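Each chain, letter by letter, is given below.
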Amino acid sequence: MTFATLGLIEPLLRALETLGYQTPTPVQARAIPAVLAGRDLMAAAQTGTGKTAGFALPLLQLLTMEGPKVAANSARALILCPTRELAEQVHASVAEYAQHLPLTTYAVYGGVSINPQMMKLRKGVDILVATPGRLIDLFRQNALKLNQLQTLVLDEADRMLDLGFSEELANIYRMLPKKRQTLLFSATFSDEIRSLAGQMLNDPLSIEVSPRNVAANTVKQWVVPVDKKRKAELFVHLMRKGRWKQVLVFAKTRNGVDALVDKLQGLGINADGIHGDKPQATRQRALDRFKSSEVQILVATDVAARGLDIEDLPMVVNFDLPIVAEDYIHRIGRTGRAGNTGEAISLVCADEVNMLSAIEMLTRQTLTRKMEPDFEPEHRVPDTDASGQVVKKPKKPKKPKTSGGGGGKRNLGKWVDSGDVAPAEPSIKPVRKVPVFNTGPRKKK
Ligand code: AMP
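About the thresholds
Residues numbered from 1 in each chain as written. Predicted model: local features only at pLDDT ≥ 70, side-chain atom pairs only at ≥ 80, totals over all residues. Heavy atoms only, no water. Phe/Tyr/Trp six-rings, centres within 6.5 Å; stacked < 30°, edge-to-face > 60°. Helix = DSSP H or I, 4+ residues; strand = E, 2+ residues; numbered from the N terminus. Buried < 20%, exposed > 50% of the residue type's maximum accessible area, 1.4 Å probe, protein only. Core = buried A, V, L, I, M, F, W, Y, C linked by side-chain atoms within 4.5 Å. Contact = heavy atoms within 4.5 Å. Pairing = 2+ DSSP bridges. Axes fitted to C-alpha atoms, helices over the stretch in contact; angles between N-to-C directions.

Novice: What is the right way to read the packing of aromatic side chains from this model?
Specialist: Aromatic rings in a pair are described by how distant their centres are and how their planes are angled relative to each other. The tally for this structure, following the rule as stated, stands at 3 aromatic pairs. Measuring from ring centre to ring centre gives 5.2 Å for Phe55 and Phe185, while their planes differ by 55 degrees; the resulting arrangement is tilted. Of this pair, Phe55 sits in helix H3 (residues 51–65) while Phe185 sits in strand E6 (residues 181–186), and the two are 130 residues apart along the sequence. Of the residues examined, Phe185 reaches a relative accessible area of 0% and is grouped as buried.

Right, dumping it as structure tokens:
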């Protein structure tokens, strides 16, 4: 099967070719024709299955082929996401797919000034990606009207409820036109999600695909706590101790990639790097040499590694944790494929504790920590667990405090869209509120 046989138009096919997508993933193969046919969708699909293109491609096609031009302060399609990071990521993908289309796209989320967002919305946008709280703010301030909305996408609906957005979703539901297409994506289908779907969807097509990238039990994952300044030394130590042969290493920044590659090459280790500053041809060459084992260690940023077709690998190392928690799943999904076993090791310093916590919350697991002798960190990495809590050991008392203090918990800082969490929540601990969707008759289109 190809994207052309799914009925996608030429400008989309051209964008996909540039991105190197050759074959539709299972969720894309099922979702694209259904969305093009105007159906509502209830899809069980996790990050890593290609779900974003599954809804974005047909959505872009429908908006190009049908409907009036977008009016001022309006949106023709709305994609709701639980966090600002996901909103940014989804928006980046949508913009890539739309690169040859005459459509406008934009992302809005809390935690940043609302004024530029209001300005941008003045002319209207075809596709708006938003987190729930900020969307409601913009609507209440008359910066956004939703009467032209033809499609609503709820992305990661389960996480939206986990983060306590059920009330916001109920409010948004009341703001929407009754006649619309609704696409709901969720990794899990709890009673709350089914209730939400029952209220919002009309005769939906159900799609379920097994996740491609979710940490299979075949991937052994663990964390080595270490001080930031000793990460490179620890990496070389572990590499030699474990006699690693082929390792894909992820670093956070382009400079980080270059610095590590220089260090490794300086020690006579066969390493190369790929990042966004390098031309595509150079990246491809580095990748080819890595695949053919001419290069032993390939250091990459997330952006550079995304979409690259890297076959199954024995080992992935997170030299830095990813800024977006979902990228952790993409990264470790490079190993342990097709029933093979793999290892995914993260070198984590104290600064990265919130990222670790967000990853554990997303993957609903507490990662095992293994201290490496002689590399025990001076700056302790606070305890974390899958609930999203970061527990700091109480410090030795210095001076008596007059205010604040207490509370071993910390919120997830930048990791969750704090601007979008209901003000009553003291921290961004996942909360499961009683959904408000189980009352009243279901509205028909
Ligand atoms: P998603 O599940 O939407 O977050 O996508 C996971 C990753 O797979 C992203 O990096 C996409 O760019 C990539 N991707 C999505 N669809 C395809 C495809 N058909 N072929 C190759 N890569 C894809």
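Novice: Whenever I open this one, the nonpolar core confuses me. Can you help?
Specialist: Taken as a class, soluble globular proteins show a tendency for nonpolar side chains to be buried jointly. If you look at the biggest cluster of nonpolar residues, it comprises 42 residues, and the most contacted ones within it are Leu41, Phe55, Leu57, Leu60, Ile79, Val90 and Ile127. Residue assignment for this core shows that the elements contributing at least two residues are helix H1 (10–19), helix H2 (26–36), strand E1 (41–44), H3, strand E2 (75–80), helix H4 (84–97), strand E4 (125–130) and E6. No other element matches the 8 residues that H3 contributes to this core. In this structure, Ile79 is in contact with Phe55, Leu59, Val90, Val94, Ile127, Leu128, Val129, Ala130 and Val153, ignoring residues within four places of it in sequence.

Novice: Could you clarify how one ought to interpret the sheet that holds strand E11 (residues 297–300) in this entry?
Specialist: The strands making up a sheet associate through backbone hydrogen bonding, with each pair oriented either parallel or antiparallel. An order of E10-E11-E9-E12-E13-E8-E14 is seen for the 7 strands of this open sheet, with the pairing classed as parallel. Of all the strands in the sheet, the pair left with one neighbour each is strand E10 (271–274) and strand E14 (368–369). In this structure, strand E12 (residues 315–318) lies alongside strand E13 (residues 342–348), joined through 4 bridges in parallel fashion. Each residue of the ladder has a partner; that of Val316, found in E13, is Ala344. Sitting on the sheet, helix H10 (residues 231–241) is in contact with strand E8 (219–225), strand E9 (247–250), E11, E12 and E13, with an inclination near 155 degrees to E13.

Novice: Can you help me understand the sheet that holds E6 in this one?
Specialist: The strand order across the open sheet built from 7 strands is E3-E4-E2-E5-E6-E1-E7, with neighbouring strands paired in parallel fashion. Lying at the two open borders of the sheet, with one neighbouring strand each, are strand E3 (105–108) and strand E7 (205–208). For this sheet, the mean inter-axis angle between neighbouring strands, taken without regard to orientation, is 15 degrees. The sheet contact formed by E2 and strand E5 (residues 151–154) spans 4 bridges and is parallel. Looking at E5, one finds that Leu80 is bridged to Leu154. Sheet contacts for H3: E2, E4, E5 and E6; angle to E2, the most-contacted strand, approximately 175 degrees.

Novice: What is the right way to look at the environment of Ile359 in this model?
Specialist: The topology assignment puts Ile359 in helix H15 (residues 353–363). On the basis of relative accessibility, which here comes to 0%, the residue Ile359 falls in the buried class. When the C-alpha positions of Ile359 and Asp385 are compared, they lie 9.6 Å apart, and in sequence the two are 26 residues distant. Those residues in contact with Ile359 that lie beyond four places of it in its chain are Leu321, Pro322, Ala325, Tyr328 and Leu367.

Any link to function would need more than the numbers given here.
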